[in-house]
Protein chains: 2
Amino acid sequence: MTAEETGRDAQPWGEVTPDAARRLLVAAVEAFAERGYHATTTRDIASRAGMSPAALYIHYKTKEELLHRISRIGHDKALDILRTAADGTGTPAERLAVAVRSFVGWHAAQHTTARVVQYELDALGESARAEIVALRRRTDGVIRELVDDGVRAGEFDVADPAGTTVAVLSLCIDVARWFNVGGRRTPDEVGALYAELVLRMVGFRGDPAEVAGAQK
Amino acid sequence: MTAEETGRDAQPWGEVTPDAARRLLVAAVEAFAERGYHATTTRDIASRAGMSPAALYIHYKTKEELLHRISRIGHDKALDILRTAADGTGTPAERLAVAVRSFVGWHAAQHTTARVVQYELDALGESARAEIVALRRRTDGVIRELVDDGVRAGEFDVADPAGTTVAVLSLCIDVARWFNVGGRRTPDEVGALYAELVLRMVGFRGDPAEVAGAQK
């Protein structure tokens, strides 16, 4: 992982204090992304953060607690990004375009975190998992609401709103799997392309390129 | 994992002989999917297959060799499915719809294998990885060719063929992440929905629902 990438991934943890707790979360994200949750020990995480295992236990009782915090913060952030876009001004198409663009931009820029958050869900214990699943339902709900708004307004033509909502979110989330920091496109360029593709998926009756390319 | 699911995942390994080598591959897929590649030992795999570690070494020298075989077979199968659909008869839209429907159906039905194949790529050694990356380029190439065919024939309206190709494949592949055997849709139902959504993404000028819903 490059320094730039680490720096980017470190940003979303600004709300975690004190500094030692934040460094441990960043170290855990990197370790889980590289070797998987099950192959990572709390000792690995402490050592990446330049701390002793005893120092780790002051902040997190178990490895699962670290994964839970990461997953919770990641899902909160994703929901917040969608919610902000959905609650903005504009037509349903404009709001859906902004939502997709921001959501995709986040999954591209924070792809290491997003991968851990998406792929290690099964490792969470029952109650943590239930909490995250509830957050995902709310995320689905925001996109579904935008789709329904557009249909009601006569802007979209959607035969299967539930299935289309799943597909739209899936398309956006999978950016975290394939996005490459050294690739040809910036996170925002991928976001703008995806906003256009999503407007096509919902059968937007206007010009998808024009709405998707508008400045945020 | 249910017996039914295991049975489904066991099918694609029909070409692996002898029976012991096949049982070990199936066990490895299950173990990697559950705990991740790095947290799985060859002992775990042998024991799942009801064999001794020594018996495993007769067939596979290393854990990486198992992952490489799984990844190779999975990618070959995915490419073969796309190639068969793309080389079939019909208009570009019809061929793209069949390709997406079969590819998605496979990723849904074989989701455990597909997840391992997609998420454990980084664990492969350099030469194995290069081989798989080359197979992926050919997979991308098949979709790209169908997109270009449709544009040339005046059936599709695509502003960014490279980006749209990446998005189409990504949408299909991510089915392996979210598909749930106990969910409301069968693999083929998801495939039919996705064929329609992909025809919308490429700006198909005909009726996407009609072409996507046609019997294969």
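If you're wondering where the values come from, they're calculated on a predicted model, not measured in any experiment.

Our focus in this paragraph is the relation of the copies chain A and chain B. Two chain copies, one operation linking them: a rotation about an axis together with a shift along it. Expressed as a screw operation, the relation of chain A to chain B combines 0.0 Å of axial shift with a rotation of 180 degrees, fitting to an RMSD of 0.0 Å. The transformation relating the two chain copies, once decomposed into turn and shift, fits a two-fold axis. Both copies share a contact surface, since 100% of the interface residues of chain A are interface residues in chain B too.

Attention now goes to the domain arrangement of chain A. Residue and element names in this part refer to chain A. Each assigned domain of chain A is listed here: domain 1 (3-63) and domain 2 (64-213). Just the C-alpha atoms count here: the centres of domain 1 and domain 2 sit 26 Å apart. Listed as interface residues are 24 residues of domain 1 and, on the opposing side, 17 residues of domain 2. Here domain 1 packs against domain 2, burying approximately 2000 Å² in sum over the two surfaces, 64% of which is carbon and sulfur. For the pair domain 1 and domain 2, the number of links is one salt bridge.

Turning next to the UniProt feature "DNA-binding region" (unreviewed entry) in chain A. Those places that UniProt annotates as "DNA-binding region" (unreviewed entry) correspond, in this numbering, to residues 41-60 of chain A. From the first C-alpha to the last, residues 41-60 of chain A spans 13 Å; its make-up is 70% helix and 0% strand.

Below, the discussion takes up helix α11 (residues 187-201) of chain B. Residues and elements named next belong to chain B. With 15 residues, α11 should reach 21 Å at 1.5 Å per residue; the first-to-last C-alpha distance of 21 Å fits that figure. Buried residues dominate α11, accounting for 12 of its 15 residues. Of the residues making up α11, those classed as buried are P187, V190, G191, L193, Y194, A195, E196, L197, V198, L199, R200 and M201. After α11 finishes, the residue G203 shows a positive phi value of roughly 65 degrees.

When its volume is computed, the second largest pocket comes out at roughly 350 Å³. Around the second largest pocket, the lining comprises 22 residues; the ones closest to its centre are A:R200, A:G203, B:R200, B:G203 and B:F204. Listing elements by their share of the lining of the second largest pocket, those giving two or more residues are α11 (187-201) and α12 (208-213) of chain A together with α11 and α12 (208-213) of chain B. By residue class, the composition of the lining of the second largest pocket is 10 nonpolar, three polar and nine charged.

Core analysis: the biggest nonpolar cluster contains 142 residues, and A:Y194 and B:Y194 have the highest contact counts within it. Setting aside chain neighbours within four positions, we find A:Y194 in contact with A:V100, A:V104, A:L171, A:V175, A:W178, B:A167 and B:S170.

Analysis parameters
- Residue numbers restart at each chain and count upward from 1, following the sequence in its written direction.
- Labels are handed out in written order, letters beginning with A for the chains and numbers beginning with 1 for the ligands.
- Given that the model is predicted, a residue must reach a pLDDT of at least 70 before its local features are reported, and side-chain atom pairs must reach 80 or more before they are shown or counted; all residues, however, enter totals for whole chains, interfaces and linings.
- Excluding hydrogens and water, the side-chain figures rest on all heavy atoms present in the structure.
- Superposing copies: least-squares fit, C-alpha atoms only, residues required to have pLDDT of at least 70 in both.
- What makes two residues a contact is simply this: any of their non-hydrogen atoms within 4.5 Å.
- These domain limits were set by an automatic method or by a database of domain assignments.
- Buried area counts how much accessible surface, traced with a 1.4 Å probe, disappears from two parts once they are put together, with both parts' losses summed.
- Any Lys or Arg side-chain nitrogen located within 4 Å of an Asp or Glu carboxyl oxygen qualifies as a salt bridge.
- UniProt positions are given in the numbering used here, feature names are shortened, and annotations may be inferred rather than shown by experiment.
- Secondary structure follows DSSP: runs of H or I at least 4 residues long count as helices, runs of E at least 2 residues long count as strands, and numbering of each begins at the N terminus.
- Expected span of a helix: the number of residues minus one, times 1.5 Å.
- The classification of residues rests on relative accessible area computed with a 1.4 Å probe and restricted to protein chains. Under 20% of the type maximum is buried, over 50% is exposed, and intermediate values are partly exposed.
- Only protein atoms enter the 1 Å grid used here. Points where a 1.4 Å probe fits but cannot escape make up a cavity, open sets with protein on both sides within 12 Å along at least five of seven lines make up a pocket, and a residue lines them when an atom lies within 4 Å of a point.
- Grid points are joined across faces, edges and corners, and a volume is the space filled by probe spheres set on the points.
- The residue classification treats Ala, Val, Leu, Ile, Met, Phe, Trp, Tyr, Cys and Pro as nonpolar and Asp, Glu, Lys and Arg as charged. All others, Gly included, are polar.
- To qualify as a nonpolar core, a set must consist of buried Ala, Val, Leu, Ile, Met, Phe, Trp, Tyr and Cys residues joined through side-chain atoms within 4.5 Å.

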